[in-house]
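Structural description and commentary
Spelled out, the chains give:
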Amino acid sequence: MKRLSQSALFTLLLTSLACVSGNKIRADTEVLTADVERARRGGALRCAPAELAAAEANLDFARGELSQGNSSRAAQHVRSADTAVKRALELSKNCGPRQVLVRDRPETPQQPEQPQQPTPSPSSRWW
């Protein structure tokens, strides 16, 4: 009987560790999803498309592995997605659209140029 209760306790312990691990991985995928969106807004689609795609694919794979109960494989995909999204964020740091702010304006408005009247050339005159 004592051996049975030890076995049940061990099984319960492993099950609770798997749940904690699964919940941690789910939380990590949510954080990584936000990072992927931040990279996308920062121009990663243009400057780091392979890294962005790798991060998105690994996040999808991690979610699939979690849904099948394979938290160790899901954790591997989360690590790969984390590496890829960090690289995408780094590559797209200076890639996004830039905003230009003009602070100084000329004090006197410039006058638009007056169009000049064409002067007839001497050869074009009818005498």
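Everything numeric here is computed off the predicted structure, so don't read it as measured data.

About the thresholds
Residues numbered from 1 in each chain as written. Predicted model: local features only at pLDDT ≥ 70, side-chain atom pairs only at ≥ 80, totals over all residues. Heavy atoms only, no water. Helix = DSSP H or I, 4+ residues; strand = E, 2+ residues; numbered from the N terminus. Buried < 20%, exposed > 50% of the residue type's maximum accessible area, 1.4 Å probe, protein only. Contact = heavy atoms within 4.5 Å. Areas by Shrake-Rupley, 256 points an atom, 1.4 Å probe, with all protein chains shown as cover. Core = buried A, V, L, I, M, F, W, Y, C linked by side-chain atoms within 4.5 Å. pLDDT = per-residue confidence, 0-100. Axes fitted to C-alpha atoms, helices over the stretch in contact; angles between N-to-C directions. Parallel < 35°, antiparallel > 145°, perpendicular 65-115°, else oblique. Left-handed = near helix turned anticlockwise from the far one by under 90°. Nonpolar A, V, L, I, M, F, W, Y, C, P; charged D, E, K, R; others polar. Expected span 1.5 Å × (residues − 1). Arc of directions from axis to C-beta.

**So, the overall build of the chain**
What the chain contains, in helices and strands, is 4 helices and 0 strands. Counted from the first residue to the last, the chain has its helices and strands arranged as α-α-α-α. Sorting the 127 residues of the chain into buried and exposed places 23% on the buried side. Within the chain, residue pairs in contact and separated by at least 24 positions form 70% of the contacts whose partners lie at least 6 positions apart. When the accessible surface of the chain is summed, it comes to about 10500 Å², and 56% of that surface belongs to carbon and sulfur atoms.

**Comments concerning the nonpolar core**
As a rule of thumb, nonpolar side chains are buried together in soluble globular proteins. Judged by nonpolar contacts, the single largest core of 18 residues is most densely connected at Leu32, Val36, Ala39 and Ala44. Within the residue set of this core, elements represented by two or more residues are α1 (2–41), α3 (49–67) and α4 (71–91). No other element matches α4, which puts 7 residues into this core. If we ignore the near neighbours within four places in the chain, the residues touching Ala39 are Ala44, Leu52, Ala88, Leu89 and Ser92.

**Some remarks on the confidence of the model for the chain**
Per-residue pLDDT for the chain has a mean of 80; in total, 65% of the residues score no lower than 70. Least confident of the elements in the chain is α1, whose mean pLDDT is 75; most confident is α3, at 96.

**What to know about the packing of α3 against α4**
One way to put it is that α3 packs onto α4 with a least axis distance of 8 Å and a crossing angle of 160 degrees. When the axis of α3 is compared with that of α4, the two are roughly antiparallel. Judged by the sense of rotation from one axis to the other, the crossing of α3 with α4 is left-handed. In this structure, α3 contributes Glu51, Leu52, Ala54, Ala55, Asn58, Leu59, Phe61, Ala62, Glu65 and Leu66 to the contact, and α4 contributes Ser71, Arg73, Ala74, His77, Val78, Ser80, Ala81, Ala84, Val85, Arg87, Ala88 and Leu91. Looking at the contact of α3 with α4, its residues break down into 14 nonpolar, 4 polar and 4 charged.

**Quick look at α3**
For α3, which comprises 19 residues, the first-to-last C-alpha distance of 27 Å matches the rise-based estimate of 27 Å (1.5 Å per residue) to within 8%. All buried positions along α3 are accounted for by Leu52, Ala55, Asn58, Leu59, Ala62, Glu65 and Leu66. Buried residues along α3 cover an arc of 155 degrees about the axis, so they all sit on one side. Those residues of α3 that are exposed and angled more than 90 degrees off the buried face are Ala50 and Ser67. Positive backbone phi, at 85 degrees, marks Gly69, one or two positions downstream of α3.

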